[in-house]
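# Observations on the model geometry
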Number of protein chains: 4
Amino acid sequence: MVRVAIIGASGYTGAESIKILLRHGKAELTYLTALPEECGAVGDVFPQLRGRCSLQIEPLDIEKLAGVADAALCCLPHKVSMGFVPRLLEAGLKVIDFSADYRLKDVAVYEKFYNVEHTDRDNLARAAFGLPELFREQIKGADLIANPGCFPTGASLAIAPLLKEGLIETDSVIVNSVTGASGAGKNPSEKFHFPNMNENIFPYGIGVHRHMPEIEQIAGEVAGTDVRVLFQPHVGPFDRGILSTVYSQPVKEISNEQLTRLYKDFYSAEPFVQVRTGAPAVKDVAGTNYCHIFVTCVKGRIVSFSAIDNLIKGASGQAIQNMNIAFGLPEQSGLA
Amino acid sequence: MVRVAIIGASGYTGAESIKILLRHGKAELTYLTALPEECGAVGDVFPQLRGRCSLQIEPLDIEKLAGVADAALCCLPHKVSMGFVPRLLEAGLKVIDFSADYRLKDVAVYEKFYNVEHTDRDNLARAAFGLPELFREQIKGADLIANPGCFPTGASLAIAPLLKEGLIETDSVIVNSVTGASGAGKNPSEKFHFPNMNENIFPYGIGVHRHMPEIEQIAGEVAGTDVRVLFQPHVGPFDRGILSTVYSQPVKEISNEQLTRLYKDFYSAEPFVQVRTGAPAVKDVAGTNYCHIFVTCVKGRIVSFSAIDNLIKGASGQAIQNMNIAFGLPEQSGLA
Amino acid sequence: MVRVAIIGASGYTGAESIKILLRHGKAELTYLTALPEECGAVGDVFPQLRGRCSLQIEPLDIEKLAGVADAALCCLPHKVSMGFVPRLLEAGLKVIDFSADYRLKDVAVYEKFYNVEHTDRDNLARAAFGLPELFREQIKGADLIANPGCFPTGASLAIAPLLKEGLIETDSVIVNSVTGASGAGKNPSEKFHFPNMNENIFPYGIGVHRHMPEIEQIAGEVAGTDVRVLFQPHVGPFDRGILSTVYSQPVKEISNEQLTRLYKDFYSAEPFVQVRTGAPAVKDVAGTNYCHIFVTCVKGRIVSFSAIDNLIKGASGQAIQNMNIAFGLPEQSGLA
Amino acid sequence: MVRVAIIGASGYTGAESIKILLRHGKAELTYLTALPEECGAVGDVFPQLRGRCSLQIEPLDIEKLAGVADAALCCLPHKVSMGFVPRLLEAGLKVIDFSADYRLKDVAVYEKFYNVEHTDRDNLARAAFGLPELFREQIKGADLIANPGCFPTGASLAIAPLLKEGLIETDSVIVNSVTGASGAGKNPSEKFHFPNMNENIFPYGIGVHRHMPEIEQIAGEVAGTDVRVLFQPHVGPFDRGILSTVYSQPVKEISNEQLTRLYKDFYSAEPFVQVRTGAPAVKDVAGTNYCHIFVTCVKGRIVSFSAIDNLIKGASGQAIQNMNIAFGLPEQSGLA
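A brief structural summary. The shown structure was predicted, so the numbers you read here are calculated from the model rather than taken from an experiment. (Residues numbered from 1 in each chain as written. Chains lettered and ligands numbered in written order. Predicted model: local features only at pLDDT ≥ 70, side-chain atom pairs only at ≥ 80, totals over all residues.)

Below, the discussion takes up the interface of chain A and chain B. Taken together, the contact between chain A and chain B spans 13 residues of the former and 13 residues of the latter. Taken together, the residues of the side of chain A that touches chain B sort by class into 6 nonpolar, 4 polar and 3 charged. (Contact = placed C-beta atoms within 7 Å. Nonpolar A, V, L, I, M, F, W, Y, C, P; charged D, E, K, R; others polar.)

Written out as structure tokens, the structure is:
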């Protein structure tokens, strides 16, 4: 049994991670931490977990942590995480970090988009990027894994086969995504007040969303060359899921049959990617770690669609998929 | 043209009142006020009113008000309103007050449920209760009208014919209501954070909701004797509307035909009440000033249902209906 | 491993049952059947199961069934089920039947409410009623278990302690429930067309809902005497969950402390019932087999609330809980 | 008073048109028609209109129509409409047609996308295209006006200033739209069954949507040259509204200030277009005839957003705006 701690367990990704680990079979929750004001019995912090988990969420005690856990899911916010990850690694744990702090290899880009100095460059340099379908080999041996952002996960899986094969113009990619409202986290705000968000859909982060450079980094690594991506997120009136519609310009004509074959081959060994022959839908993946993809040609362009659950494949599920890989467990454990 | 001011225009009931008055024809908006931090052009405060209303929302200036308005819709919160209403009356306006401050005739009940001393008892004593279907005569000559609560409006209309005719046991009434989330007002909170409220329904105010004594007061006046009401509100994942399901015990057997006839007769002259022959639905009344009602016998009890829009018949629409009556305008003006 | 077949697997309860069994650990799916026009690969019939289950849904072949399964979850519709259950039993399987066909012990009541002659009275007479919290002993030895209706499950758990202890007037019970729209099943209809159901809530089955006699039967068995129940269902704009608000008249005064203590004791050994000290919410139980309950006194009456997921504790989850009990497996298997 | 008939009044656009006309002031409803099986009192066909409109919906009688109406809103389906419009014109009415039958000037394109022979080419040739912000002069003198599709309305307004000024590459336009579910019409179907559509979002009409050539036709007329548009619609879990996100490639660098100035100037005299300085949202335009627009540069591309109500500015409101223009009424009548 891999013993798992969740650092920063009081938010939505903490709750999702707990639910998955309760069904895991080869890993067990041993320690949950949060800020003192968010501590308490799991069933009090998350009423949907009443009776299902008897742990307490406690303030972090690194010594205790070192004694009870082999892996840490670090669910702390951006900028906070890099203050804790070095200590988790020193305590001898493998760390899967949910924040952006170890995702962007170019420190200058990180510092520009997150508006803070990076204080843990050494670990950043050696962190694996936790998108298993594209970087599984890195993850296998890693003790620090940067879990990707939700939008980059869906967007990258939708176009990776095209980039890998050099089939599209690298300055032509437009990613149009719609996320459910859980992506905003648990703190109430005006935009996500039910009477404002319900029956609504709107764009946000126009031109400045922090997932834009992350998508470009992944795309560049897959393509082996710089890729320029225009990423526009929107939020819609549903809890879970991200639908990404990705437009790109092929370098030469390609048929729908060739596209479908390419994608099916590319993902043939992947347990969590389903290449479909028609439109995907977020409801088909909500509550699962799956990514559904469809690709086709329209009027000389390629349009590829992906659907994921933003809290699972876009966060907690992928983190546990990464943990499974890093610890040599069956990749689908807890995620069936 | 009746000149109308809205005092406390920056909330949901302010916005609804503005929308109705823009279509009124016989009344015109002349003055909008709010707390200084909520002032600005109407189209900036309420993006859905951009281009539709060129007024500014300004801090209240009583002298200015006296010069530009004949009627005030006072949308201030409970406890705050009674500090302003006397000044509005002194300025020579007829006032329709949206708060609870002038609804409960028994000051002790008000002070218990609202936990504050009542500071304007004289005006309370002479305020008309603005539920036109039951108290139209009072409203006609009034210069202060207490606009009813949203739940009391729907609940009272659902059982008034039974109470008026003495057909039910006066200690048997149970009102089970479900409101949409706009009832919570515009300030974000944990319960109404979209990821919490969406796909959810829950009871609240259990045993202590402030509309319970208000329903009892109305019921008692209609019945001519004390009525005891158990009122239980719930909130569901939709913007607008209240569905009330009211259970009561008939004093003697009564047929469905008799019940339907009674209700149709009772409301035959009412422009905004529709007695239906099957289940009402909140979507049939959303966006309107109508109340749909259905009544039937089930297993020896009477079950009556009503549906209203909580922001219109339950607030702004009813206020303007009251204003129309008080100023001798056609009652349906602005509300077609 | 208990080998499980699902008969009538192509509807919502079939999909939920499959999802639970995929995580079960001590039971495995071996056979799925449906009408010929609804057969196909599981991932084609239910896109959310793509890649997760490699079985085919096939037309029922009783001989094949007998060879591959120990248990049958029979998800056929009312009236159809009683034509198949005898054959499933003859094939040597233990059967958990989701329909109403084996729930109502009084054949006359069944025939009145379902408007059909009962054709399998012998099995009806010996079927266990599958509400484990109230009838676990019956279930242990049964080879035919009638899985309860969704509304009766939530309503009965909300008042069973009161009935068992004789604390309420047996003619005073009113059950007011709101269900999510998945309760309507998978066939499109006008009422459940998204533009009609969204932003709506309405009552239905007024005075005639088939779960009324079922609730009365359960209540009567728990109380040891006839109980009269007025049951009024409503449907609201959400996928999953039932909130029941139950009103009853105590035979003598009782304190909130006594009520809470009574409920906590009554359900102290139950893995799936949580007695809470405040309002329950359907979102806290959605996706789980749990029932959350709160009970209190209001103005001389007792109001008890329960929340369940209609497709899990109200159908598939409870069926698998029953199967676990009947086969001597840990009751929570698959349902953590 | 302009006397208005609605032909095919029993669907969503009929209901919206009736609601607008009830508040119009300078036009009055005189005649409503539908297929015989959809006839009846307005309040029975549309419960939300109970008590608000006393007309009957009747089978069409052309002679009666000629005597009671000056204008016809023809809400018949595609392909059906062209069988009736000639008769409405012959009866002496001005016709605003909601179908696609008179929108596409190139008959071959119509016949390809709608898969039917066009049977009224003469009227097609002379029909005005009813998008007032772009073609108001045509509409003024017209007796047949083709009301645009909902997607083309929002998409065209979002990019017209760019096309008019020749600022973008004419083969670079990508329109990504999300509509609410009312766009599907009133007939129940599997995709729009509440448990399928709720909490979901998905693309449809991939590569084949009939609004693609319509957008290209409008864009071409505005630009004065052929424009190629990739249009991808999606449907989300809300009733009303379309959000369009339009990507295009500028022919030369342009600043955000220039873009905003261009749009504000272009639409300065338009009563129903609001150029905003931040993200629009469908909830800000739901229930209104307004179009909210925002335009900005992102990474070398222009991204323009528009939000409309699909049933109002995208259908019934725009039709009445067209009627107002054609009859010389104030353009905002009924639409305030």
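There's plenty left to go through after this.
Take the relation of the copies chain A and chain D next. Each copy of the sequence occupies a distinct position, and chain A is placed on chain D by a rotation of 180° and an axial shift of 0.0 Å, giving an RMSD of 0.0 Å. With respect to symmetry, the two chain copies, as superposed, fit the operation of a two-fold axis. Using C-alpha coordinates, one finds that chain A approaches the rotation axis most closely at A:Pro237, a distance of 3.3 Å. Both copies present the same face, since 100% of the interface residues in chain A are matched by interface residues at the equivalent positions in chain D. (Least-squares fit on C-alpha atoms with pLDDT ≥ 70 in both.)

Each partner contributes residues to the interface: chain A has 33 residues there, and chain D has 33 residues. For the side of chain A that touches chain D, the elements supplying multiple residues, two or more each, are strand S9 (173-179), strand S10 (202-203), strand S11 (229-235), strand S12 (242-248), helix H12 (282-285), strand S14 (291-298) and strand S15 (301-308) of chain A. Here the residues of the side of chain A that touches chain D are counted per class, giving 20 nonpolar, 7 polar and 6 charged. (Helix = DSSP H or I, 4+ residues; strand = E, 2+ residues; numbered from the N terminus.)

Let's shift gears to the pairing of strand S9 (residues 173-179) of chain C. All names here are of chain C. In terms of burial, S9 is largely enclosed, as 7 of its 7 residues are buried. Residues Val173, Val175, Ser177 and Thr179 of S9 are buried on one face, and the alternating residues Ile174, Asn176 and Val178, pointing to the opposite face, are buried as well. Alignment of S9 against strand S11 (residues 229-235), held across 7 bridges, turns out to be parallel. Paired with Asn176 across the two strands is Gln232, which belongs to S11. With 6 bridges connecting them, S9 and strand S12 (residues 242-248) associate as antiparallel partners. Bridge pairing links Thr179 to Ile242 in S12. (Buried ≥ 20, exposed ≤ 12 C-beta atoms within 10 Å, placed from the backbone. Pairing = 2+ DSSP bridges.)

Let us now look at unusual backbone geometry. With phi around 50°, B:Lys299 is a residue other than glycine that occupies positive phi space. Within the secondary structure, B:Lys299 sits in the loop between strand S14 (291-298) and strand S15 (301-308). For B:Lys299, a count of 14 C-beta atoms within 10 Å gives the class partly exposed. Here C:Asn115, not a glycine, exhibits a phi torsion of approximately 60°, which is positive. Examined against the element boundaries, C:Asn115 turns out to sit in the loop between helix H5 (107-114) and helix H6 (121-126). Assessed through the 9 C-beta atoms surrounding it within 10 Å, C:Asn115 is described here as exposed.

Honestly, that's just the spatial picture; any functional story needs more than this.
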